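Overview (structure and organization)
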Amino acid sequence: MESIKKYVERFFAKTKKNKGYGLSFDEMEQSMEEVFAVNDANGAFKVITTLFDFGYAKGYRAAMAEMKKKGGAA
């Protein structure tokens, strides 16, 4: 987990966060409710992997918007 935290810190040290492509408070709150609602580790794992997939999709969308804005590949 520590390497993940450092990776994120390094990334945001160089990159400005676009709030339109991050998790909203409501999305985070719903995610936490879902994690606490499941009664087993497998269910919690599925929620967490869905969140990573959601983050990937939002990141992809952000990348496409950035390329469109710049007129091609960055």
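Here the structure is shown first, and the text comes after it.
Residues numbered from 1 in each chain as written. Predicted model: local features only at pLDDT ≥ 70, side-chain atom pairs only at ≥ 80, totals over all residues. Heavy atoms only, no water.

If you walk through the whole model with that rule in mind, you get one aromatic pair. An angle of 80 degrees between the planes, with centres 4.9 Å apart, marks the rings of Phe11 and Phe12 as edge-to-face. Owing to a relative accessible area of 40%, Phe11 belongs among the partly exposed residues under this scheme. If you follow Lys17 out to its NZ or CZ, it ends over the ring of Phe12, 4.7 Å from the centre. (Phe/Tyr/Trp six-rings, centres within 6.5 Å; stacked < 30°, edge-to-face > 60°. Buried < 20%, exposed > 50% of the residue type's maximum accessible area, 1.4 Å probe, protein only. Lys NZ or Arg CZ within 6 Å of the ring centre and 35° of its normal.)

With respect to the helices and strands, Lys58 occurs in helix α3 (residues 41-70). Lys58 has contacts with Gly20, Tyr21, Gly22, Leu23 and Glu27, leaving out every residue within four places of it along the chain. (Helix = DSSP H or I, 4+ residues; strand = E, 2+ residues; numbered from the N terminus. Contact = heavy atoms within 4.5 Å.)

Moving on, we come to a nonpolar patch on the surface. On the surface, a nonpolar cluster with roughly 630 Å² of combined accessible area is contributed by Met1, Ile4, Tyr7, Val8, Phe11 and Phe12. The residue Phe12 is located in helix α1 (residues 2-14) in this model. (Patch = residues over 30% accessible without salt bridge, like charges linked within 9 Å, V, L, I, M, F, W, Y side chains within 5 Å. Areas by Shrake-Rupley, 256 points an atom, 1.4 Å probe, with all protein chains shown as cover. Salt bridge = Lys/Arg side-chain N within 4 Å of Asp/Glu carboxyl O.)

Moving on, we get to the side chain of Ser31. Counting through the fold element by element, Ser31 comes out in helix α2 (residues 25-37). You can call Ser31 buried: its relative accessible area is 14%. Polar side-chain contacts of Ser31 include one of 2.7 Å to the backbone oxygen of Glu27. Filtering out sequence-adjacent residues up to four positions away, Ser31 remains in contact with Val47 and Leu51. (Polar contact = N/O pair within 3.5 Å; in protein donor to acceptor, adjacent residues only side chain to side chain.)

Looking now at the environment of Ala57. Within the secondary structure, Ala57 sits in helix α3. Residue classification places Ala57 among the partly exposed positions, given a relative accessible area of 43%. Spatially, the C-alpha atoms of Ala57 and Phe11 are 18 Å apart, while their sequence positions differ by 46 residues.

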